[in-house]
Amino acid sequence: MTRNSSILRFIFFVLITLNSISLTGQKQILVKQLDVDKLPKEIKYEGEIKTAVSWVDQQGENIVLLTETGIYESQKITHENNGGDAELFAYHYIVKENAAIQTWKIYDFIFDCPVDIEAKFIKNTFQITDLNKDGIGEVWMMYKTVCHGDMSPLNLKIIMYQGKQKFALRGQSKILLEIDKKGIKHYDGGEYKFDMSFAEGPKEFLDFAKKMWHKNVVQELGEQ
């Protein structure tokens, strides 16, 4: 083998290694988009699929679906206000011996809302990470729910699962009230609280959640 070819092989190895490490220092997990028409037969879901992905980590082969119903009239409740309904779901499965086994599910909703209604995942917040580098993917998502007839803040939630452990950060969106004569913007809302899982878990988890919150806290009704 020539000296030049050895150098080229070394450079190629370095580039591949760097490509497998994200800018945050975490090893990337290869996430694949799934064909929703070819899901394992054991997978059942409600609503319309918005995200369908798979990846392999220390747990094995993982599948996650995010779904939304949109606004409709649910048969799950008795309506008293002639209002609309909206639900969202997230499902996680582990595939073992060619069978998909559900390990957790997220469900949130607005029922019988006679004014503006929404239950949606926030665009570009779904992610699979390995921030603590333990070989188990962390599943992140952020969504909003609201039933109101004014310009008050929306309800926002960040949910993360690592294995079967749930982490949650909950609060309200930030609404621009006015811009004063000095050009200073004044907002309402934006507060949040995180649960004990985040408080007692790895610092990088809470740091990541706070970064996601501040990036997406300004939300408007109907915004994707």
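Residues numbered from 1 in each chain as written. Predicted model: local features only at pLDDT ≥ 70, side-chain atom pairs only at ≥ 80, totals over all residues. Heavy atoms only, no water.

With 86% of its residues at a pLDDT of 70 or more, the chain has an overall mean of 88. Scored below 50 in pLDDT, residues 5-25 shows 10 contacts in the model against residues more than four places distant or in partner chains. (pLDDT = per-residue confidence, 0-100. Contact = heavy atoms within 4.5 Å.)

Applying the stated criterion across every chain, the model contains 11 aromatic pairs. Arranged with centres 5.3 Å apart and planes meeting at 55°, the rings of Phe167 and Phe198 form a pair that is tilted. Placement of Phe167 in strand 10 (residues 165-172) and of Phe198 in helix 2 (residues 196-200) is noted, with a sequence separation of 31 residues between them. Taking relative accessible area as the criterion, Phe167 reaches 2% and is therefore assigned buried. (Phe/Tyr/Trp six-rings, centres within 6.5 Å; stacked < 30°, edge-to-face > 60°. Helix = DSSP H or I, 4+ residues; strand = E, 2+ residues; numbered from the N terminus. Buried < 20%, exposed > 50% of the residue type's maximum accessible area, 1.4 Å probe, protein only.)

Bringing the environment of Ile43 into the picture now. Summarising the element assignment, Ile43 is placed in the loop between strand 1 (32-33) and strand 2 (48-57). Measuring from C-alpha to C-alpha, the distance between Ile43 and Ile63 comes to 9.5 Å, with 20 residues separating the pair along the chain.

What tends to happen in soluble globular proteins is that the nonpolar side chains get buried as a cluster. Core analysis: the biggest nonpolar cluster contains 22 residues, and Ile106 and Met141 have the highest contact counts within it. Mapped by element, the contributors of at least two residues to this core are strand 2, strand 3 (60-68), strand 4 (84-96), strand 5 (99-113), strand 6 (116-121), strand 8 (138-148) and strand 9 (155-162). Ranked by residues supplied to this core, first place goes to strand 5 with 4 residues. Ignoring sequence-local partners within four residues, the contact set of Met141 consists of Leu66, Ala90, Trp104, Ile106, Phe121, Thr125, Phe126, Lys157, Ile158 and Ile159. (Core = buried A, V, L, I, M, F, W, Y, C linked by side-chain atoms within 4.5 Å.)

This brings us to the state of the cysteines. Summed over all chains, the structure comprises 1 disulfide. Between Cys113 and Cys147 runs a disulfide, and the two sulfur atoms are separated by 2.1 Å. Residues Cys113 and Cys147 are joined through a disulfide that is right-handed, its torsion about the S-S bond being 95°. In this pair, Cys113 sits in strand 5 while Cys147 sits in strand 8, placing the two residues 34 residues apart along the sequence. Residue Cys113 is classed as buried on the basis of its relative accessible area of 3%. Cys147 sits in the partly exposed class, given a relative accessible area of 36%. (Disulfide = S-S within 2.5 Å.)

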